[in-house]
Amino acid sequence: DAKTTQPPSMDCAEGRAANLPCNHSTISGNEYVYWYRQIHSQGPQYIIHGLKNNETNEMASLIITEDRKSSTLILPHATLRDTAVYYCIVRGNAGNNRKLIWGLGTSLAVNP
Amino acid sequence: DAGVIQSPRHEVTEMGQEVTLRCKPISGHNSLFWYRQTMMRGLELLIYFNNNVPIDDSGMPEDRFSAKMPNASFSTLKIQPSEPRDSAVYFCASSLLPDDSGNTIYFGEGSWLTVV
């Protein structure tokens, strides 16, 4: 079973920041938080991941709470091309914990 | 890099026929994953290989499904005989493990299978 819970859908205005929340209250100390997205008819695309500290790359920022029980993916200036399903996943780095267990994700609609 | 390459991109076959899906992982990656995606069940891990060896096949639905990885650059997922409920998008993905730093998994564009 997926170890994360996300809202099923969200809307965002084009050019505004999209903040996608994720709860992972049962995360263990060696598990990373990963974010992927899937644009219609395409394979999932890696966005960002983190362990404890906040992370930023050219696509997004990841804010992880101090207790690591939740996180937020931030798309700073959403565009229409960011419309996709966003998956938050926790994943370990040893044995079967390396598997990505997918939930249902958040369907983000960026509106003009 | 060409990314993970899957073939065929689309296949329509009749019930009872054998289906073979192919995957070429990213060069240098040592782990390969097969996923299935349907509207009802979302993304499900079927099997994954590390250094060409199957590590976990607990997600393979039944004996009709089999997967092989004869070398580091090629894998197949076979369904024999196929059934209409096997209709789905099948994704192959690869990664470099071990990944103490949390290496990412890269996905192909998927093989869209329809069994009629």
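Residues numbered from 1 in each chain as written. Chains lettered and ligands numbered in written order. Predicted model: local features only at pLDDT ≥ 70, side-chain atom pairs only at ≥ 80, totals over all residues. Heavy atoms only, no water.

**Section: the overall build of chain B**
- The secondary structure content of chain B amounts to 0 helices and 11 strands.
- Along chain B, helices (α) and strands (β) appear in the sequence β-β-β-β-β-β-β-β-β-β-β when read from the amino end.
- For a compact globule of 116 residues, the expected C-alpha radius of gyration is about 13 Å, and chain B comes in at 14 Å, within 12% of that figure.
- When the backbone C-alpha atoms are referred to their principal axes, chain B occupies close to 45 × 30 × 30 Å. (Helix = DSSP H or I, 4+ residues; strand = E, 2+ residues; numbered from the N terminus. Rg over C-alpha atoms; globule rule 2.2 N^0.38 Å.)

**Regarding the state of the cysteines**
- For the structure on display, the rule yields 2 disulfides over all chains.
- Here Cys22 of chain A pairs with Cys88 of chain A through a disulfide, and the sulfurs are 2.1 Å apart. Residues Cys22 of chain A and Cys88 of chain A share a disulfide whose torsion about the S-S bond is about -80°; that sign makes it left-handed. In this pair, Cys22 of chain A sits in strand β2 (residues 18-23) while Cys88 of chain A sits in strand β8 (residues 84-91), placing the two residues 66 residues apart along the sequence. Each of the two residues, Cys22 of chain A as well as Cys88 of chain A, counts as buried.
- One disulfide in the model links Cys23 of chain B with Cys92 of chain B; its S-S distance is 1.9 Å. Between Cys23 of chain B and Cys92 of chain B the disulfide shows an S-S torsion of about -70°. By sign, it is left-handed. Of the two residues, Cys23 of chain B sits in strand β3 (residues 19-24) while Cys92 of chain B sits in strand β9 (residues 88-95), which places them 69 residues apart along the sequence.
- Overall, the relative accessible area of 0% leaves Cys92 of chain B in the buried class.
- Left without a disulfide partner, Cys12 of chain A is nearest to the cysteine sulfur of Cys22 of chain A, which lies 18 Å away. (Disulfide = S-S within 2.5 Å. Buried < 20%, exposed > 50% of the residue type's maximum accessible area, 1.4 Å probe, protein only.)

**Re the environment of Ser94 of chain B**
Residues and elements named next belong to chain B.
- With respect to the helices, strands and loops of the structure, Ser94 is situated in strand β9.
- Residue Ser94 is classed as buried on the basis of its relative accessible area, which comes to 0%.
- In the structure, Ser94 is positioned 47 residues away from Ile47 in sequence and 12 Å away in space, judged by C-alpha atoms.
- Residue contacts for Ser94: discarding those within four places in its chain leaves Val4, Pro25, Ile26, His29, Ser31, Leu32, Phe33, Thr104, Ile105 and Tyr106.
- Among the polar contacts made by the side chain of Ser94, one reaches the main-chain amide nitrogen of Ile26 at a distance of 3.3 Å. (Contact = heavy atoms within 4.5 Å. Polar contact = N/O pair within 3.5 Å; in protein donor to acceptor, adjacent residues only side chain to side chain.)

**Some remarks on the pairing of strand β7 (residues 65-71) of chain B**
Residue and element names in this part refer to chain B.
- As defined by bridge partners, β7 adjoins strand β8 (residues 74-79) across 5 bridges and the pair is classed as antiparallel. By the bridge assignment, Ser66 is partnered in β8 with Lys78.
- In this structure, the hairpin formed by β7 and β8 is closed by a connection of 2 residues. (Pairing = 2+ DSSP bridges.)

**A closer look at the pattern of salt bridges**
- Summed over the entire model, instances satisfying the criterion amount to 10 salt bridges over all chains.
- Linking Arg37 of chain A and Asp82 of chain A is a salt bridge whose minimum nitrogen-to-oxygen distance equals 2.8 Å. Taken as a pair, Arg37 of chain A in strand β3 (residues 32-38) and Asp82 of chain A in the loop between β7 (70-75) and β8 lie far apart in primary sequence, 45 residues in all. Accessibility assignment for this pair places Arg37 of chain A and Asp82 of chain A in one class, buried.
- Glu62 of chain B is paired through a salt bridge with Arg85 of chain B; the nearest N and O atoms lie 3.2 Å apart. (Salt bridge = Lys/Arg side-chain N within 4 Å of Asp/Glu carboxyl O.)

**Focus: the sheet that holds β7 of chain A**
Residue and element names in this part refer to chain A.
- The 4 strands are arranged β2-β7-β6-β5 in an open sheet whose pairing can be described as antiparallel. Both outer strands of the open sheet, β2 and β5 (55-56), are each paired with one neighbouring strand and no more.
- As defined by bridge partners, strand β6 (residues 61-64) adjoins β7 across 4 bridges and the pair is classed as antiparallel. By the bridge assignment, Leu62 is partnered in β7 with Leu73.

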